[in-house]
Amino acid sequence: MYGRQKHRWPRILLWAACGLLVLLLLGACGFVLWLRSVTRAALPQIDGDVQLAGLSMPVTVRRDAHGVPHIDAATQDDLFVAQGYVTAQDRLWQMDAFRRSSEGELAEVMGKSLLKHDETQRVLGIRRVAERIYAHLSARDRSCVNDYARGVNLYIARHADSLPPEFRLLRYTPRPWTGVDSISVGLMMVQTLDTHATAKLGRSHVAVKLRNPRLEADLYPVGSWRDHPPTGIEVDLSAPHPEPPPSTDSDEDNTPTETQLAPFADTPGDMKALLERLGLPTCDGCAAGSNEWVVAGTHTASGKPLLSNDMHLGFSVPGVWYMADLRAPGLHAAGVTLPGFPMIVAGHNDHVAWGFTDLMADVQDLYVEKLDGKGNYLEADGTWKPLSVDRETIHVRGGKDVTIDVESTDHGPIVNPILPMHDPRTIALKWNLYDPALETLPLYAMNTASNWTEFSAALAQWCWPAQNIVYADDQGHIAYQAVGRVPLRPGGLAGVPIEDNAHEWQGYIPFEDMPHAVDPPSGFLATANARVTTPQSPYPLTLEWIDPYRVERIYKSLGGRDQLTPRDMLATQTDIYSEVDQEMGQRFAYAIDQTPGADAQLHKAADLMRSWDGRLTTDSAAASIVTWTRAALWPMLLKPKLGGTMYDYHWGEKNFAEEEIMMHARADWLPPGYRNWDALLTAAVKKGMKDGHAPADVAAWRYGSWHTIDIEHPLARFLPFPGHLLGTGPQPMSGDTTTVKQIGSNVAPSQRFIMDWSNVDGSTESIVLGESGNPLSPYFKDQWNDWYNGTTFALPFTPPAVAAQTRHTLRLEP
């Protein structure tokens, strides 16, 4: 009897396990069916009629083959109401995530893992700045954001039971949209593009550890001999490289003092953690940058100007941009919009076209403040003044509210609470964003300009972010203008936190003294985040530019050529040749040839690099060898001199610094234990192949086998099953951070725009994935193949072209 009962237990446990598995499978199937149901219910209506109480006249929304809305309204107020409504149809959850991210409210819906992010945003005070800007908007601009908010709220009210699935998964509903929320979304982009003070903090740590001004200058170059400032002056690119002129951007002595840096001699920081908290790219050598250029009709096949722009930003699902065509009396513009913000950000209207790249201007400084421990700080005039304190309460899902006190001096907020590294100094952030006299973002005036006079008048009002803008119009004119309020610093630019009173700001650089060019003799202008100033520029803009390789390649590919076409523009946008990678590959190969005892695998690697054409294709073995060797070489150079502080090194021209150090091969950079630079570089190749797990046959080491991009939905880290299904999965990717097609682990072209003034309806615009954030929409990832394969498509603009390509028509009735 006992034996029979004993033998039953395994069967009982087996049946219980099977039953549990069945329940789990049924639960999973039920969840999938439920998720599919709510996702389908959230699909927007794109045909027929919808009654909207906020309109004065009917509005027609025609969607083309890619789901791009072409909105036609009888009044501009109705146009912006419709833009808010239609954008919410496709991107409502993304819009809510954008405003929560900017304002520091993500932990309220996603839990304590986002608490540090929210603390950062509260310390930076983005919401308070948005409220200030909104309160001082012009009547026209305030009307735009309020109309847009009304459209968003009409959509939320009509679809309370069929909101996007992310709201259902996270079990919350969006609060009503406001004009302040739109400003906060715009400031999200300002924060991304104008935050450069992190490098100053890292440099202060590096300088004290290095204690060698010459080596520090090597690590922190200011511009290079490869730069091509957009002056419009023709340059012979085949001429020998000139010696770089002395930099006017650097102050006389920006080397940190012993007093400033003594606390950090043995305290390496965590620069990557700081960049992550600020939402900035962390991949080595990459930055939120862009490419842009404009070609006069004298160099095009059509005789009309061509303009090209591809902005490089972080990956997301859906992408950061939303395409739209807006038309009402007095306004007709098309291009990309920022979900949550009205108007066209970059694109064209009936008469003018424009594009952006990040200027990299220094609009932030860090100040070391003196406190008395009683709530006061020492002013520049020697008097003590009370710290201002703003109390912030952060709601945390599944946890208790967190309250923080944000202390500020006249310079700005004290940022120590958000620094992941220990810093005994009290550091305040000064940022032009905090200046109450600055409050203008003139997109409306740009959207409605009809010539360069009107457009440049609008640019003169631009406050932030600091940008390069290229321009072309239907009359054949081309231009370049640097915009943004860049501080005047009589004491010079500071590369580290400031402890004296000699580096206070004295107003801003006048608009007319910012770099610019109109109808230059060369008929060609280009920028790609590299240096735009010259020795003749009246004012310095920054100490930190981006590597010059992209802009140099653009000039070499297009400068001086005639009969250029849109096809040539796209070929350059997707170019994957790297001169510096090829150059370094040749140097690595030579080093191996000169090193006794190099093994057969090293010699095979040398042969591959020696014959390489410099194109980082997904099937290239040489690209793998060079990339991994460079990754191995850099710490081999830095660690002996910096130890753990090498992780605090972060600089826009890091690749150029590495190139110069390696090519000059000075003895003071050669690490101990290597008899010469050939031995060092050979060891770097060997280590790179080991670190990258190169196969025995190194010729089979395909670049795309490990160099991939993986675009994930923001919820993937919280809800892995549905989150990962919405992304692209790892995809082999060509190019790197030095190619015109800039690719990093979390930065890439976010859109591609080519304006052809000889064929407005043939002008092209495309984004990474698609217009919709709903995975069941045909417009969710329908643009992915074009983006991935380097192709594009036309964005119809004139009414006949829009009508010919209309696939769906929605009428919004009052």
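Right above here is the structure, for reference.
As the structure is a computational prediction, the values presented were derived from the model and not from experiment.

Participant: Whenever I open this one, unusual backbone geometry confuses me. Can you help?
Facilitator: Among all residues save glycine, negative phi is the norm, and among peptide bonds the norm is trans. That bond from V317 to P318 is cis: its omega, -10°, falls within 30 degrees of zero. Of note, P318 is situated in the loop between β5 (306-314) and β6 (322-328). Look at the link from W464 to P465: it is a cis peptide, with omega at -5°. Structurally, P465 can be placed in the loop between α14 (452-459) and β16 (467-473).

Participant: Please explain the packing of helix α17 (residues 579-593) against helix α18 (residues 600-610) as it appears in this structure.
Facilitator: In a packed pair of helices, the relevant descriptors are the angle between the two axes and the axis-to-axis distance. Their axes nearest at 8 Å, the elements α17 and α18 cross at an angle of 145°. By crossing handedness, the relation of α17 to α18 is classed as left-handed. Here G585, Q586, F588, A589, I592 and D593 of α17 come into contact with α18, specifically with L602, H603, A606, M609 and R610.

Participant: Is there a simple way to explain the pattern of salt bridges in this structure?
Facilitator: Oppositely charged side chains are able to pair whenever their charged atoms sit close together. A full pass over the atoms with the stated rule returns 46 salt bridges. Linking E552 and K556 is a salt bridge whose minimum nitrogen-to-oxygen distance equals 3.8 Å. Taken together, the residues E552 and K556, both in helix α15 (residues 549-558) and four residues apart, mark about one turn of the helix. Here E658 ties to R630 by a salt bridge, and the two come within 3.0 Å at their closest N and O atoms. Of the two residues, E658 sits in helix α20 (residues 654-664) while R630 sits in helix α19 (residues 621-642), which places them 28 residues apart along the sequence. For the pair E658 and R630, a shared accessibility class is recorded, and that class is buried. Several salt bridges share partner residues, and in doing so they unite D96, R99, R100, E103, E105, E108, R127, E131, R175 and D181 into one network.

Participant: Looking at this model, I keep getting lost on the packing of α17 against α19. Mind explaining?
Facilitator: Orientation of α17 relative to α19, taken along the N-to-C sense of each, is 80°, at an axis distance of 10 Å. On the basis of the axis angle, α17 is roughly perpendicular to α19. Here α17 contributes V580, D581, M584, G585 and F588 to the contact with α19, which in turn contributes V626, T629, R630 and L633. When its residues are assigned to classes, the contact of α17 with α19 shows five nonpolar, two polar and two charged.

Reading the values: the criteria
Residues numbered from 1 in each chain as written. Predicted model: local features only at pLDDT ≥ 70, side-chain atom pairs only at ≥ 80, totals over all residues. Heavy atoms only, no water. Helix = DSSP H or I, 4+ residues; strand = E, 2+ residues; numbered from the N terminus. Axes fitted to C-alpha atoms, helices over the stretch in contact; angles between N-to-C directions. Left-handed = near helix turned anticlockwise from the far one by under 90°. Contact = heavy atoms within 4.5 Å. Salt bridge = Lys/Arg side-chain N within 4 Å of Asp/Glu carboxyl O. Buried < 20%, exposed > 50% of the residue type's maximum accessible area, 1.4 Å probe, protein only. Parallel < 35°, antiparallel > 145°, perpendicular 65-115°, else oblique. Nonpolar A, V, L, I, M, F, W, Y, C, P; charged D, E, K, R; others polar.

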